[in-house]
Amino acid sequence: MGRRDDNTGSIGRVTEIRGRRVRVEDAAGERVCFLSGHRAVVGDRVRWVDVPGQGGKITAVEPRDTSLVRMDHLGREQVLAANLAGLLVVVAGLEPPFRAGLIDRYLVAGARSGLEVAVCVNKVDQGVPAEVEAEIALREQLGVRFVRTSALLRFGLDALRQFFADADGPWALVGHSGVGKTSLIAALLPGVDVGAVGELSDYWGTGQHTTTGSRLFQLPTGGEIADSPGIRTFTPGGITVDNVRQYFPGMGALRCRYRDCQHRDGEDGCVAAEEVDPALLVSYRRLLEDVRAVGERARKH
Ligand SMILES: Nc1nc2c(ncn2[C@@H]2O[C@H](COP(=O)(O)OP(=O)(O)OP(=O)(O)O)[C@@H](O)[C@H]2O)c(=O)[nH]1
Ligand SMILES: [Mg+2]
Ligand SMILES: [Zn+2]
């Protein structure tokens, strides 16, 4: 039995989480509420009641239209954000190192959860190596949208503003630590305290993330964006060795000898090696192996 939710209380939306304290907004304004037993994430619609002297108390979390879900190494699912329209995967051309596989994993998560996914190549002032351009071109050919920015030089920001203004709901900026997610948000919101931006020494090699919570911001030019803490790896929730191919870019239409072909290396009658770009196939097989290993650990625990 889940806990009993009551339908009294006012409806609001969670725009920030810090531990058990959440910021809830509605037409009347915003207030800080505390979570007691409920799990809410940024973007959740919640019910809250006034508790004199303590702010508001969350009494229910409403059903979600969309959820961004990750799986930990034991296969336990964790909801990261709710009711988003899309994910902007922020990457850097040079540093921290570009990992095409992370983009693919977010594409899978988006396809699985009904979220749009686009990619922002930030730090273009540092240059974009030819092998990174090749990975980008490969995914552009599959219909993935890329925008290029430099938060440092204020390059590409108008395109990004237009992108969010045209969106039909909030987008979250996601990606590795240090790619410039918070810097981009700061550049789009001059004069607003959007939180700390990391120095190279803060995150490089130490596993320290500069942004530790999630928070939604309204853009003056239209649209809403959420910042998020940098991640090291990402395994999408709801993914199994049997469904990953249906969500992975460029893999859905393969006609191998066996319909349940997982396109592993050397599989009987598999056409993936002939029909899929080798770089994409490597990325797919890494995710397949990750999902298999997670499933195995989950069964043992
Ligand atoms: N050269 C260059 N540096 C940038 C650019 N954007 C951000 N940086 C720098 O990159 C570092 C990390 O930026 P953040 O905005 O904190 O990165 P983040 O993605 O929010 O990192 P986490 O919060 O740890 O996930 C900072 O030193 C920024 O000044 C850019 O366009 N070009
Ligand atoms: Mg940040
Ligand atoms: Zn196959």
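The rules we used
- Residues numbered from 1 in each chain as written.
- Chains lettered and ligands numbered in written order.
- Predicted model: local features only at pLDDT ≥ 70, side-chain atom pairs only at ≥ 80, totals over all residues.
- Heavy atoms only, no water.
- pLDDT = per-residue confidence, 0-100.
- Contact = heavy atoms within 4.5 Å.
- Phe/Tyr/Trp six-rings, centres within 6.5 Å; stacked < 30°, edge-to-face > 60°.
- Buried < 20%, exposed > 50% of the residue type's maximum accessible area, 1.4 Å probe, protein only.
- Salt bridge = Lys/Arg side-chain N within 4 Å of Asp/Glu carboxyl O.
- Helix = DSSP H or I, 4+ residues; strand = E, 2+ residues; numbered from the N terminus.
- Patch = residues over 30% accessible without salt bridge, like charges linked within 9 Å, V, L, I, M, F, W, Y side chains within 5 Å.
- Areas by Shrake-Rupley, 256 points an atom, 1.4 Å probe, with all protein chains shown as cover.
- 1 Å grid on protein atoms, 1.4 Å probe; cavity = no way out; pocket = protein on both sides within 12 Å on 5 of 7 lines; lining within 4 Å.
- Points joined across faces, edges and corners; volume = space filled by probe spheres on them.
- Nonpolar A, V, L, I, M, F, W, Y, C, P; charged D, E, K, R; others polar.
- Pairing = 2+ DSSP bridges.

Draft legend 1. Quick look at the confidence of the model for the protein. Averaged over the protein, the pLDDT score is 91; the fraction of residues at 70 or greater is 93%. Throughout residues 199–207 the model reports pLDDT below 50, and contacts reaching past four residues in sequence, or to other chains, amount to 12 contacts.

Draft legend 2. Region of the structure containing the packing of aromatic side chains. What the rule picks out here adds up to four aromatic pairs. Note on Phe-163 and Phe-164: the rings are 5.6 Å apart at their centroids and 85° apart in plane angle, and the pair reads as edge-to-face. Centre to centre, the rings of Phe-163 and Trp-171 are 4.8 Å apart; their planes meet at 80°, and the pair counts as edge-to-face. The same class applies to Phe-163 and to Trp-171, which are both buried. One aromatic cluster in this structure is built from Phe-163, Phe-164 and Trp-171.

Draft legend 3. Representation of the pattern of salt bridges in the model. For the structure shown, the criterion picks out 21 salt bridges. Measuring nitrogen to oxygen at the nearest pair gives 3.8 Å for the salt bridge that ties Arg-285 to Asp-265. Of this pair, Arg-285 sits in helix H8 (residues 278–300) while Asp-265 sits in the loop between helix H6 (244–247) and helix H7 (272–275), and the two are 20 residues apart along the sequence. For Arg-285, a relative accessible area of 23% translates into the label partly exposed. The class for Asp-265 is exposed, based on a relative accessible area of 69%. Beyond isolated ion pairs, a larger network of salt bridges with shared partners links Glu-16, Arg-18, Arg-23, Glu-30 and Arg-215.

Draft legend 4. Layout of a nonpolar patch on the surface. There is a patch of nonpolar side chains on the surface, built from Leu-152, Leu-153 and Phe-155 and spanning about 350 Å² of accessible area. Positionally, Phe-155 belongs in the loop between strand E10 (145–148) and helix H3 (157–166).

Draft legend 5. Here's a closer look at empty space enclosed by the protein. Tallied over the entire structure, the rule returns one cavity of 30 Å³ or more. Its volume calculated, the largest cavity comes out at about 40 Å³. Split by residue class, the lining of the largest cavity holds eight nonpolar, one polar and one charged.

Draft legend 6. Seen up close, the pairing of strand E1 (residues 10–18). Sheet topology note: the E1/strand E4 (residues 45–51) ladder contains four bridges and is antiparallel. Its bridge partner being in E4, Ile-11 is matched across the sheet by Arg-47. As consecutive antiparallel partners, E1 and strand E2 (residues 21–26) are separated by two residues, and within that stretch Gly-19 has a phi angle of approximately 60°, a positive value.

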